[in-house]
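# A closer look at the structure
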Amino acid sequence: MRKTPIRGAAFVGVVGLASLAMFGAGAGASTEPPGTEPEGTEAEGTEAEGTETEGTAAELTFPDDLDLNLTFVQGVIGDEFYISMECGVQDAAEEIGGISLDVQGPDAFDATLQNPILDSVIASAPDAILVAPNDVEASAEPLQRAQDEGIEVILVDTVVNDESIGASRIASDNFGGGVAAADSLAELIGGEGTVMVVNVNPGISTTDLRQQGFEEQIATYPDIEYIGTEFSNNEPARAAEIVTATLAAHPDLSGIFATNLFSAQGSATGLVQAGVQGDVQIVGFDAGPAQVEQLEAGDVQALVMQKPYDIGYQGVQQAVLAVLGEEVTPEIQTGFVVATADNMDDPEVNQWFYKANCDE
Ligand code: T6T
């Protein structure tokens, strides 16, 4: 029998903003790495029901004689979020042993590109598919078909609306992340001003939830005007254009919440192009290498970092359990860490920066 640990899955809030108190409330357990708490922060929260969290770490036991095929279908290739997830997938597969792993993904975050990949993966009849579906509706049919054909489907990061799909769903608390982003941005702009969201595309479960969380929370600030959301199509250049055009129409723009890696990276570039970096505050989701550079340069003020490695690692564990007919955990929520210029040199924080390849 082989054992692999269930990795931590709690909110870990480390941010130089007093709003951290809100971060994770009602959404996930909060823990703080010892000795890393900047002044004026706290991270108490309540644990979400039915989720694995830090503190419940346990070891799973797997047979020595496994022989199974697992395919990981990324949301999009070349995205350091999914690359980091792949590192977790690879490590778990290696540690459990007896798993033949295949990794694929579309060139863009687009169900019309991802579905044909799913079709060919299904035709190859793996024992399990780990997948970040591109669209809450359009991705459902092939995944339902996979399940009907006896393939175990584990949803990692994004989900589909049909709750019968996915033996296990493993993701960040995306709504809670949007709430936290709203509080952070509100604090950065001193509780007043004009803010916008730069999102990816409608129909992506994760980023839809981040937008919703942000919208609900920002509405609680009476002196902040929310002028709405624009969609980048996951293209940094489009995000930059959105920002420069918005600045032309709203020269008083004071803050931006950008809901994922490419939207955030492009939004920050847009501010630099307009020469207002540091004047307009940005809270971005994710922490790819270029985003980390922007944080260091002061072009971005806070990054809500997810734990893609953990999502991938636990995804493999759940996939194997499902294939073996063992009890799976239907929903697992992984945590966040918020990086700022003040805490980014702390190893408890920068260990969560995303990887451009697994050898780093
Ligand atoms: O933010 C992640 C992921 O969680 C989301 O579903 C899609 O965008 C990313 O991959 C970042 O680019």
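Just so it is clear, the model here is predicted, and its values are computed rather than measured.

Scanning the chain for helices and strands turns up 10 helices and 16 strands. Within the chain, contacts between residues at least 6 apart in sequence are counted, and of these 74% link residues at least 24 apart.

Let us now look at the sheet that holds strand S16 (residues 337-340). What the six strands build is an open sheet, ordered S11-S10-S12-S13-S14-S16; its pairing is mixed. Every interior strand has two partners, whereas the edge strands, strand S11 (224-231) and S16, have only one. Here the average twist between neighbouring strands, direction ignored, is 20°. As judged from the four bridges shared by strand S12 (residues 253-258) and strand S13 (residues 281-285), these two strands associate in the parallel manner.

Here we come to the confidence of the model for the chain. A low pLDDT means the predicted coordinates there should not be read in detail. Per-residue pLDDT for the chain has a mean of 87; in total, 84% of the residues score no lower than 70. Across residues 7-57, confidence stays below pLDDT 50; counting only partners more than four residues off in sequence or on other chains, it has 140 contacts.

Let's shift gears to the pairing of S16. Of the two faces of S16, the one lined by Val337 and Ala339 and the one lined by Val338 and Thr340 are each fully buried. Two elements, strand S14 (residues 302-305) and S16, share four bridges in a ladder whose sense is antiparallel. Its bridge partner lying in S16, alanine 302 is registered against threonine 340.

What follows concerns the site of the ligand. The environment of the ligand is made up of 15 residues, and the closest members are Asp79, Phe81, Thr206, Asn260 and Leu261. Taken together, the elements giving at least two residues each to the shell around the ligand come down to helix H1 (80-96), helix H5 (205-218) and helix H7 (261-274). Two domains each put at least three residues into the shell around the ligand: domain 1 (60-172 + 307-335) and domain 2 (174-305).

The biggest cluster of nonpolar side chains holds 101 residues, and the ones touching the most others in it are Leu130, Phe257, Val304 and Val316. Split by domain, the residues of this core number at least three in each of domain 1 (60-172 + 307-335) and domain 2 (174-305). Each residue touching valine 316, except ones within four places of it in the same chain, is listed here: Leu70, Val89, Ala92, Ala93, Ile96 and Leu130.

This next bit is on the pairing of strand S5 (residues 68-73). Pairing of S5 with strand S6 (residues 99-104), which is carried by six bridges, proceeds in the parallel orientation. Following the sheet pairing, asparagine 69 is matched in S6 by serine 100. As a crossover connection, the stretch from S5 through H1 into S6 is right-handed. Note: S5 against strand S7 (residues 128-131), four bridges, orientation parallel.

With that settled, the discussion passes to the sheet that holds S5. Strand order in the open sheet formed by six strands is S6-S5-S7-S8-S9-S15, and the pairing between neighbours is parallel. Among the strands making up the open sheet, the edge pair consists of S6 and strand S15 (331-334). Neighbouring strand axes in the sheet, compared pairwise and without regard to direction, differ in orientation by 15° on average. Here three bridges tie strand S8 (residues 152-156) to strand S9 (residues 168-172), and the two strands are oriented parallel to one another. Considered in S9, the bridge of leucine 155 is made with arginine 169.

Moving on, we come to H7. Its 14 residues place the ends of H7 20 Å apart at the C-alpha level, agreeing with the 20 Å of an ideal helix rising 1.5 Å per residue. Taken across its 14 residues, H7 has 11 buried, putting it largely inside the fold. Inspection of H7 places Leu261, Phe262, Ser263, Ala264, Gln265, Gly266, Ser267, Ala268, Thr269, Gly270 and Leu271 among the buried residues, and these make up the whole buried set. Turning to H7, the residues buried within the fold contact H1, strand S10 (193-199), helix H6 (236-249), S12, S13 and helix H8 (289-297). Backbone geometry just downstream of H7 places glycine 275 in the positive-phi region, at approximately 70°.

Cut-off values and rules
Residues numbered from 1 in each chain as written. Predicted model: local features only at pLDDT ≥ 70, side-chain atom pairs only at ≥ 80, totals over all residues. Helix = DSSP H or I, 4+ residues; strand = E, 2+ residues; numbered from the N terminus. Contact = placed C-beta atoms within 7 Å. Pairing = 2+ DSSP bridges. Axes fitted to C-alpha atoms, helices over the stretch in contact; angles between N-to-C directions. pLDDT = per-residue confidence, 0-100. Buried ≥ 20, exposed ≤ 12 C-beta atoms within 10 Å, placed from the backbone. Near = placed C-beta within 6 Å. Domains from an automatic or database assignment. Core = buried A, V, L, I, M, F, W, Y, C linked by C-beta atoms within 7 Å. Right-handed = clockwise from strand over helix to strand, strands pointing away. Expected span 1.5 Å × (residues − 1).

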